[in-house]
Amino acid sequence: MSLFRDTGIVLRTYRLGEADRIVVMLTEAHGKVRAVAKGVRRTSSKFGARLEPLSHVALLLWRGRGELDIVNQVEVVDQFWTIREDLERLSRAFSMLEVVDQLAQDQHPDPRLYRMLLRALGVLAERSSNPILVAPAFFLKVLALEGAAPILDVCAACGRPEAEGGLVAFDLHEGGALCRSCRRGRSMSAPALALMRRILGGELGRVLREPAPPCAEEVGQLATEAIESHLDRRLRSVRTGAAL
Amino acid sequence: MYTASLRALVDELGKLPGVGPKSAQRIAFYLLRIPSEDALRLAEAIIAVKERTAFCPRCFNVAEVDELCEICSDPSRDAGTICVVEDPRDIAAVERTRRFGGTYHVLHGALNPLEGVGPEQLRIQELVSRVKEDSVREVILCTNPNLEGEATAMYLARLLGPLDVRVSRIASGLPVGGDLEYADELTLGRALEGRHDV
């Protein structure tokens, strides 16, 4: 039973009782943490809006014997205003939060995932950035972090290099791109393949600074399918976000 | 230990929000002790509310079956102003201010992508039809000032934008009686943005 400090990003919250909330956060040093914010739904709460999803906060938490920690103090590091005030950016941020909530393990620190989420939200919050590719690029990078990046250099089924007829399809069960003779799953255009290679090949920063190319939508669908296949579940926020 | 009927009562009471097994047992024994007519009045009230309460066909507030709610059927209320809320309980909160003389529209929730709640799960189309068909001058977006409520307000503002109606959002700011020192950055930031001349 002790107090501990950490910084974290609020992934989601659940109502608890009359005025409390359970806040699920990805913290830097303690992995995914579930903590009770007492009285946070009252207008007089000392926490105010600090524990809303998407907030990057510095925390003082109390760990007791139970499963849930208790939020003691919170200070805001970044609220990501630009994302909150733009429905399109917000729905893309939600899908990243959902992926992280699914992947991160309770009390299991994953500082690389934490830094990736923070950077992705930072980019999404820049007014100059184009929001379309941020979430798909984040999904691909997360897959790479998990050791499940799609194979894009050679045919994932037969291992033949691209030169012999090109890679024309994408199937996650096979592990990535497929050549003409092994093709199954969905078809994939050459620009989409090239863009995914750039994202995973160290050119992410440059890709996000350029205007989104016509194949961005296709890469978005491919990356979403890839992460859904890895998580073995559909992403609710992507389906709902598309309706917004 | 208990009779079957008492056991059933304790079990049912234990399903109520905030009532644990111990409280359920205490309430059950209280009901056993009070005069029959008092207990029957409670039972009848529960039956009546379940049989006779539905949602108002215009604003989706709670109402008697097949009737408009009290507010929609009140001719003194201004039907040209609609206050959009998430839940029927929010109507009670706004009514307590005694500052609003218009009508309401209850969405029955807020957009929540993480829970898979999208526009089609809410009473949004009905709101749009109301704005188009009735002569509505202003829609006040009075959803909760949290991420889901804000997203809902942004979505509605975009949807209602092309229609010939004023769309406003309730202000966010500091609670009266509070201390500036303890205000969070988001609330204080909003309060500064929404400052007005005095």
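About the cut-offs
- Residues numbered from 1 in each chain as written.
- Chains lettered and ligands numbered in written order.
- Predicted model: local features only at pLDDT ≥ 70, side-chain atom pairs only at ≥ 80, totals over all residues.
- Heavy atoms only, no water.
- Helix = DSSP H or I, 4+ residues; strand = E, 2+ residues; numbered from the N terminus.
- Rg over C-alpha atoms; globule rule 2.2 N^0.38 Å.
- Buried < 20%, exposed > 50% of the residue type's maximum accessible area, 1.4 Å probe, protein only.
- Contact = heavy atoms within 4.5 Å.
- Areas by Shrake-Rupley, 256 points an atom, 1.4 Å probe, with all protein chains shown as cover.
- Lys, Arg positive; Asp, Glu negative; His and termini not counted.
- Charge placed at Lys NZ, Arg CZ, Asp CG, Glu CD.
- Buried area = accessible area lost by both parts, 1.4 Å probe.
- Salt bridge = Lys/Arg side-chain N within 4 Å of Asp/Glu carboxyl O.
- 1 Å grid on protein atoms, 1.4 Å probe; cavity = no way out; pocket = protein on both sides within 12 Å on 5 of 7 lines; lining within 4 Å.
- Points joined across faces, edges and corners; volume = space filled by probe spheres on them.
- Domains from an automatic or database assignment.
- Polar contact = N/O pair within 3.5 Å; in protein donor to acceptor, adjacent residues only side chain to side chain.
- Nonpolar A, V, L, I, M, F, W, Y, C, P; charged D, E, K, R; others polar.
- Pairing = 2+ DSSP bridges.

**Student:** Is there a simple way to explain the overall build of chain B in this structure?
**Tutor:** A count of helical and extended segments in chain B gives 7 helices and 6 strands. For chain B, the sequential pattern of α-helices and β-strands runs α-α-α-β-β-β-α-β-α-β-α-β-α. Computed over its C-alpha atoms, the radius of gyration of chain B comes to 22 Å, more than 25% above the 16 Å expected for a compact globule of 198 residues. If you line up chain B on its principal axes, its C-alpha atoms span 65 × 45 × 35 Å. Classification of the 198 residues of chain B by burial places 37% in the buried group. Across chain B, the fraction of contacts at a sequence separation of at least 24, relative to all contacts at a separation of at least 6, is 48%. For chain B, the computed accessible surface area is about 12400 Å², with 54% contributed by carbon and sulfur atoms. Taking the 23 positively charged and 31 negatively charged side chains of chain B as two groups, their mean positions are separated by 3 Å.

**Student:** Can you walk me through the overall build of chain A in this structure?
**Tutor:** Counting its regular elements, chain A contains 8 helices and 8 strands. Here chain A has a C-alpha radius of gyration of 20 Å; the compact-globule value for 244 residues is 18 Å, and the two agree. Across its three principal axes, chain A shows a C-alpha extent of roughly 65 × 35 × 30 Å. Sequence-distant contacts, at least 24 apart, represent 58% of the contacts inside chain A between residues at least 6 apart.

**Student:** Would you explain the interface of chain A and chain B in this entry?
**Tutor:** Interfaces are frequently sized by the accessible area removed from exposure as the parts join. At the junction of the two partners, chain A supplies 29 residues and chain B supplies 27 residues. With both sides pooled, the region where chain A packs onto chain B buries about 2500 Å², and carbon together with sulfur makes up 64% of that total. Area buried by chain A at its contact with chain B is led by Trp81, Leu87 and Phe94 of chain A, which between them contribute 23% of it. The interface formed by chain A and chain B includes 3 salt bridges. Arginine 50 of chain A is paired through a salt bridge with glutamate 185 of chain B; the nearest N and O atoms lie 3.4 Å apart.

**Student:** Please explain the layout of surface pockets as it appears in this structure.
**Tutor:** Empty space among the atoms becomes apparent when a probe as large as a water molecule is rolled across them. All names here are of chain A. Estimated volume of the second largest pocket: approximately 520 Å³. Forming the boundary of the second largest pocket are 22 residues, of which Arg92, Glu217, Thr224, Val238 and Ala242 lie nearest the centre. For the lining of the second largest pocket, the secondary structure elements donating two or more residues are α2 (87-103), α4 (134-145), α7 (216-231) and α8 (236-243). When residues in the lining of the second largest pocket are grouped by element, the largest group, 6 residues, is from α7.

**Student:** What should I look at first to understand the domain arrangement of chain A in this one?
**Tutor:** Residues and elements named next belong to chain A. Split by domain assignment, chain A resolves into domain 1 (2-78) and domain 2 (85-239). Between domain 1 and domain 2, the buried area comes to about 1600 Å², and carbon and sulfur atoms account for 61% of it. At the boundary of domain 1 and domain 2, one finds 3 salt bridges. The residue arginine 34 makes a salt bridge to aspartate 106 at a minimum N-O spacing of 3.1 Å. Joining domain 1 to domain 2, the criterion identifies 8 residue pairs in polar contact (both at pLDDT 80 or more). Elements represented by at least two residues in the side of domain 1 that touches domain 2 include exactly β1 (2-16), β2 (20-27), β3 (31-37) and β4 (56-63). Here the element with the most residues in the side of domain 1 that touches domain 2 is β1; it accounts for 6 residues. Its residues assigned to classes, the side of domain 1 that touches domain 2 shows 8 nonpolar, 6 polar and 6 charged.

**Student:** What exactly am I supposed to notice about the side chain of glutamate 150 of chain B here?
**Tutor:** Positionally, glutamate 150 of chain B belongs in helix α6 (residues 147-160). Glutamate 150 of chain B has contacts with Asn144, Pro145, Arg169, Ser172 and Arg190 of chain B, leaving out every residue within four places of it along the chain.

**Student:** What is the right way to read the pairing of strand β3 (residues 78-85) of chain B from this model?
**Tutor:** Every other side chain in a regular strand lies on the same face of the sheet, so the side chains alternate between the two faces. Residue and element names in this part refer to chain B. Burial analysis of β3 places 6 of its 8 residues in the buried class, the great majority of the element. Inspection of the sheet shows β3 paired to strand β5 (residues 138-141) by 4 bridges, in the parallel sense. Of the residues in β5, the one forming a bridge with cysteine 83 is isoleucine 140.

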